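# Working through the structure, step by step
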Amino acid sequence: MRVHVADHPLITHKLSVLRDERTPSPVFRQLTEELVTLLAYEATRNVKVTPIEIKTPVTTTTGVKISEPRPIVVPILRAGLGMLEGLVKLLPTAEVGFLGMVRDEETYEPMTYAERLPTDLSDRQCFAIDPMLATGGSLAAAIQFLFDRGAQDVTAICLLGTPEGLETIEKLVGDRDVTIVLGALDEGLDENRYIVPGLGDAGDRLYGTV
């Protein structure tokens, strides 16, 4: 498993505004989209491309295009939806699937309640997006779901993560091809399994249901 924690002043600045409890939902949504686009530059570093010949106004040259089958972006509902636009702006040819997961607040275990994905993900690069990598349970379950569908290459993009969450993912994936891209690696979890210092419940803050 590869882990990349972004180290860029623009990302840190935008995360600082997201963390502020006074930041209203419209600003939170806009900044989330901007952050995901910035993180996506790193996440798509190894996206598969195919050489093509193109003609410029001056001569012919060799360029590249995104390979077939196209990558698939999988937001983990509901909070992952707030990250979708920021990624597809950078990767507009990607297909989009959906995976609905919710955490049981008593057991903290993830439950899958909806999915809209191809039955065969063989040879597809999969990009799972979820704002918070807290305990790692939901993202681990999502990654396993993608591997069960035949995926061999999964990249997860999260705004924030914790050492506990990364440990959970690492135990699951073993030697499989997984990359985790984080905007920041926070201190850890509190007694309620929320990220500290974190930014609260990302879904609530995205959609104004606090």
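Residues numbered from 1 in each chain as written. Predicted model: local features only at pLDDT ≥ 70, side-chain atom pairs only at ≥ 80, totals over all residues. Heavy atoms only, no water.

Naming follows an unreviewed UniProt entry, where the protein chain appears as Uracil phosphoribosyltransferase of Microbacterium keratanolyticum. Per UniProt, the protein chain carries the Catalytic activity (unreviewed entry) text "UMP + diphosphate = 5-phospho-alpha-D-ribose 1-diphosphate + uracil". (UniProt positions renumbered as here; feature names shortened; annotations may be inferred.)

This brings us to the UniProt feature "binding site: uracil" (unreviewed entry) in the protein chain. Using the residue numbers shown here, the UniProt feature "binding site: uracil" (unreviewed entry) corresponds to Ile195, Gly200, Asp201 and Ala202. Take Ile195: it is sitting in strand β13 (residues 195–196). Classification of Ile195 by relative accessible area gives buried; the value is 10%. Residues within four places of Ile195 in sequence aside, it is in contact with Met132, Leu133, Ala134, Leu160, Thr162, Asp186, Gly188 and Leu189. Residue position: Gly200 is located in the loop between β13 and α6 (202–207). (Helix = DSSP H or I, 4+ residues; strand = E, 2+ residues; numbered from the N terminus. Buried < 20%, exposed > 50% of the residue type's maximum accessible area, 1.4 Å probe, protein only. Contact = heavy atoms within 4.5 Å.)

Per the counting criterion, the structure on display carries zero aromatic pairs. The ring of Phe147 has Arg176 lying over it, and the distance from NZ or CZ to the ring centre is 4.4 Å. (Phe/Tyr/Trp six-rings, centres within 6.5 Å; stacked < 30°, edge-to-face > 60°. Lys NZ or Arg CZ within 6 Å of the ring centre and 35° of its normal.)

Turning to helix α3 (residues 81–88), a few remarks are in order. Note: α-helices contain 3.6 residues per turn, so residues at a spacing of three or four share the same orientation. A large share of α3 lies buried, amounting to six of its eight residues. Considered for burial, the residues of α3 that qualify are Gly82, Met83, Leu84, Gly86, Leu87 and Val88.

To continue, consider the UniProt feature "binding site: 5-phospho-alpha-D-ribose 1-diphosphate" (unreviewed entry) in the protein chain. As annotated in UniProt, the feature "binding site: 5-phospho-alpha-D-ribose 1-diphosphate" (unreviewed entry) corresponds to Arg78, Arg103, Asp130, Pro131, Met132, Leu133, Ala134, Thr135, Gly136, Gly137, Ser138 and Asp201 in the numbering used here. With respect to the helices, strands and loops of the structure, Ala134 is situated in the loop between β9 (132–133) and α4 (137–148). In contact with Ala134, other than residues within four places in its own chain, are Thr162, Glu164, Gly165, Leu189, Arg193 and Ile195.

Residues Leu15, Leu18, Leu87, Leu159 and Leu160 are the most contacted members of the largest nonpolar core, which totals 32 residues. Secondary-structure elements contributing two or more residues to this core are α1 (9–19), α2 (25–43), α3, β8 (125–129), β10 (153–161), β11 (177–185) and α6. If you tally residues by element for this core, the top one is α2, at seven residues. With 27 residues, the next largest nonpolar core counts Cys126, Ile143, Phe145 and Ala156 among its residues. (Core = buried A, V, L, I, M, F, W, Y, C linked by side-chain atoms within 4.5 Å.)

Attention shifts here to the pairing of β10. For β10, the tally of buried residues reaches nine of nine residues, placing the bulk of the element in the interior. Bridge count between β8 and β10: five bridges; the pairing is parallel. By the bridge assignment, Ile129 is partnered in β10 with Ile157. As defined by bridge partners, β9 adjoins β10 across two bridges and the pair is classed as parallel. Among the inter-strand pairings, Met132 is bridged to a residue of β10, identified as Leu160. (Pairing = 2+ DSSP bridges.)

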